[in-house]
Amino acid sequence: MRILITGSSGFVGSVLIPALEQAGHTVFRLVRSTEQTSEHNIFWNPSAYRIERAKLPGFDAVIHLAGENIAGRWTETKKEGIRASRVDATRFLCNTLIHLPAPPRVFISASATGYYGNRGDEILDESSTPGDDYLADVCRAWEEGAQPIHDAGVRTVHLRIGLVLSPDGGALKRMLVPFRLGLGGIIGDGRQYISWVTLDDLVGVIRFVLDREDLSGPFNAVAPHPVTNTEFTRALGRVLHRPTFLPVPAFAIRRLLGEMGEALLLGSACVYPRKLEEAGYGFLYPDIETALKMILQR
Ligand SMILES: NC(=O)c1ccc[n+]([C@@H]2O[C@H](COP(=O)([O-])OP(=O)(O)OC[C@H]3O[C@@H](n4cnc5c(N)ncnc54)[C@H](OP(=O)(O)O)[C@@H]3O)[C@@H](O)[C@H]2O)c1
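Residues numbered from 1 in each chain as written. Predicted model: local features only at pLDDT ≥ 70, side-chain atom pairs only at ≥ 80, totals over all residues. Heavy atoms only, no water.

Undergrad: Where do I start with the overall build of the chain in this structure?
TA: Of the regular secondary structure elements, the chain holds eleven helices and 14 strands. By the compact-globule yardstick of 19 Å for 298 residues, the chain fits well, its C-alpha radius of gyration being 19 Å. Projected onto its principal axes, the C-alpha positions of the chain cover 60 × 40 × 40 Å. Counting over 298 residues, the chain shows a buried share of 52%. Residue pairs in contact within the chain that sit at least 24 positions apart in sequence constitute 77% of those at least 6 positions apart. Roughly 13600 Å² of accessible area belongs to the chain as shown, and the carbon and sulfur atoms make up 53% of that amount. (Helix = DSSP H or I, 4+ residues; strand = E, 2+ residues; numbered from the N terminus. Rg over C-alpha atoms; globule rule 2.2 N^0.38 Å. Buried < 20%, exposed > 50% of the residue type's maximum accessible area, 1.4 Å probe, protein only. Contact = heavy atoms within 4.5 Å. Areas by Shrake-Rupley, 256 points an atom, 1.4 Å probe, with all protein chains shown as cover.)

Undergrad: Just checking my understanding: could you explain the site of the ligand for this structure?
TA: In the vicinity of the ligand, 23 residues are found, and the nearest of them are Ser9, Val12, Arg32, Asn69 and Arg86. Take valine 12: an N or O atom from its main chain is 2.8 Å from an oxygen atom of the ligand. Taking valine 164, its main chain carries an N or O atom lying 3.0 Å from an oxygen atom of the ligand. Within the complex, 81% of the 890 Å² of free accessible area of the ligand lies under protein. Here the element with the most residues in the shell around the ligand is strand E6 (residues 106–112); it accounts for three residues. Its residues placed into classes, the shell around the ligand shows eleven nonpolar, nine polar and three charged. (Near = heavy atom within 4 Å. Polar contact = N/O pair within 3.5 Å; in protein donor to acceptor, adjacent residues only side chain to side chain. Nonpolar A, V, L, I, M, F, W, Y, C, P; charged D, E, K, R; others polar.)

Undergrad: What am I meant to see in the packing of helix H3 (residues 87–98) against helix H4 (residues 134–144) here?
TA: For any two helices packed against each other, one specifies the inter-axial angle together with the distance between the axes. At their nearest, the axes of H3 and H4 sit 8 Å apart, and the two run at 5 degrees to each other. Considering the angle they form, H3 stands roughly parallel to H4. Of the residues in H4, those in contact with Val87, Thr90 and Arg91 of H3 are Val138, Ala141, Trp142 and Glu144. Looking at the contact of H3 with H4 residue by residue, the class counts come to four nonpolar, one polar and two charged. (Axes fitted to C-alpha atoms, helices over the stretch in contact; angles between N-to-C directions. Parallel < 35°, antiparallel > 145°, perpendicular 65-115°, else oblique.)

Undergrad: What am I meant to see in the pairing of strand E12 (residues 217–221) here?
TA: For a regular strand, the rule is simple: side chains alternate between the two faces of the sheet. Judged by how many residues are buried, E12 sits mostly within the fold: four of five residues are covered. The pairing of strand E8 (residues 155–161) with E12 spans five bridges and is parallel. Opposite arginine 160, over in E12, you have asparagine 220 as the bridge partner. (Pairing = 2+ DSSP bridges.)

Undergrad: Even after reading the chapter, I still don't get the sheet that holds strand E2 (residues 26–31), so can you show me in this structure?
TA: Within a beta sheet, neighbouring strands are joined by backbone hydrogen bonds and run either parallel or antiparallel to one another. Strands sit in the order E4-E3-E2-E1-E5-E6-E8-E12 across an open sheet of eight strands; the sheet is mixed. Each edge of the open sheet is held by one strand with a lone partner, namely strand E4 (50–51) and E12. For E2 and strand E3 (residues 41–45), the ladder comprises three bridges, and the chain directions are parallel. The residue bridging leucine 30 from the neighbouring strand is isoleucine 42, located in E3.

Undergrad: Quick question: what am I supposed to make of the environment of tyrosine 272 here?
TA: Tracing the backbone shows tyrosine 272 in the loop between strand E14 (270–271) and helix H10 (274–279). With a relative accessible area of 31%, tyrosine 272 lands in the partly exposed category. Between the alpha carbons of tyrosine 272 and asparagine 220 there is a distance of 6.8 Å; along the sequence they are 52 residues apart. Apart from the residues lying within four places of it in its own chain, the contact partners of tyrosine 272 are Ile123, Leu124, Asp125, Glu126, Asn220, Val222, Pro224 and Glu277.

Undergrad: Which parts of the structure should I look at to understand the nonpolar core?
TA: In a soluble, globular protein the nonpolar side chains are often hidden away together inside. Of all hydrophobic cores here, the largest spans 42 residues; its most connected members are Ile5, Ile63 and Leu159. If you tally residues by element for this core, the top one is helix H7 (residues 199–211), at eight residues. Discounting chain neighbours no more than four positions away, the residues touching isoleucine 5 are Leu16, Ile17, Leu20, Val27, Phe28, Arg29, Leu30, Ile63 and Leu65. Core analysis: the second largest hydrophobic core is formed by 20 residues, Trp44, Leu93, Cys94 and Val154 among them. (Core = buried A, V, L, I, M, F, W, Y, C linked by side-chain atoms within 4.5 Å.)

Undergrad: Please explain unusual backbone geometry as it appears in this structure.
TA: Here tyrosine 49, not a glycine, exhibits a phi torsion of approximately 55 degrees, which is positive. If you trace the backbone, tyrosine 49 turns up in the loop between E3 and E4. Taking the relative accessible area as the measure of exposure, tyrosine 49 reaches 46% and is therefore partly exposed. At histidine 241, a residue that is not glycine, the phi angle is positive and equals roughly 55 degrees. Position of histidine 241 relative to the elements: it lies in the loop between helix H8 (229–240) and helix H9 (250–266). Residue classification places histidine 241 among the exposed residues on the basis of a relative accessible area of 65%.

In structure tokens, the structure reads:
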């Protein structure tokens, strides 16, 4: 397939692209800098609604990963950047693609388990209602941003991605230094659920939904065994052979990280990949201890 990818330079895109190329696909990137010239780069500036339309026809698939990173303090400006880079950019991209002489056959977009909000130990699947906090609102609007391409008859998949685990980036990489120093510990009361997926499995899921023409709509891209923060902390400590006795109280998270810490570190979502399991996706790493062992010890 000829595949176009947004957000290609990110944590997920930079591992996904070689995997797709190795599988025989031809990958083009939508890049935001005119300086990144290459035969396989196409320029766009979603915040200015600019895109090189003439280079867009002829793609079989578009994989849309772009979005301002959500780490860091959520000031009003940051929150607007997180929202606009997902919601407005998705709508702009989809409206562009549907007016091409040859639109893609499939549009796969990142979304996040943040869609469900802070839900305690309720078991959540794709049929669950959305949450009502800031991230849930962003995720819902992000998915709705692709409505034009869905309405135009293009197969559309929303991957509600959980915490992506890889030692080379994202949250796990940031955790490794304190944990290796023996400074890791449970966060808050440790009962909040973490719905996680290894980067290997996320790449596997993207390839799976790309190939399976019968699949569309939202898919929870999470392993089938979500864990509490306590279980995650203990498993990481065991794999690294380090103690995890130093708890991080909720008030410290709130004071240091504000709303972002409240949502990402203290919020709870026990998300289950019901549709992926029904479709027959076999997870490489379904449980946390094996997953951490495999990705940290290779
Ligand atoms: N990593 C996770 O744990 C996780 C969990 C749930 C959901 N997701 C979602 O999955 C997607 C990919 O995740 P990731 O970890 O690869 O993210 P990432 O490392 O932050 O990369 C996202 C990419 O989006 C592009 N981008 C950044 N700011 C942008 C802006 N203001 N406007 C438009 N594009 C912008 C950049 O690519 P270019 O410079 O190439 O344009 C960037 O490399 C994201 O949408 C993310 O929200 C990730």
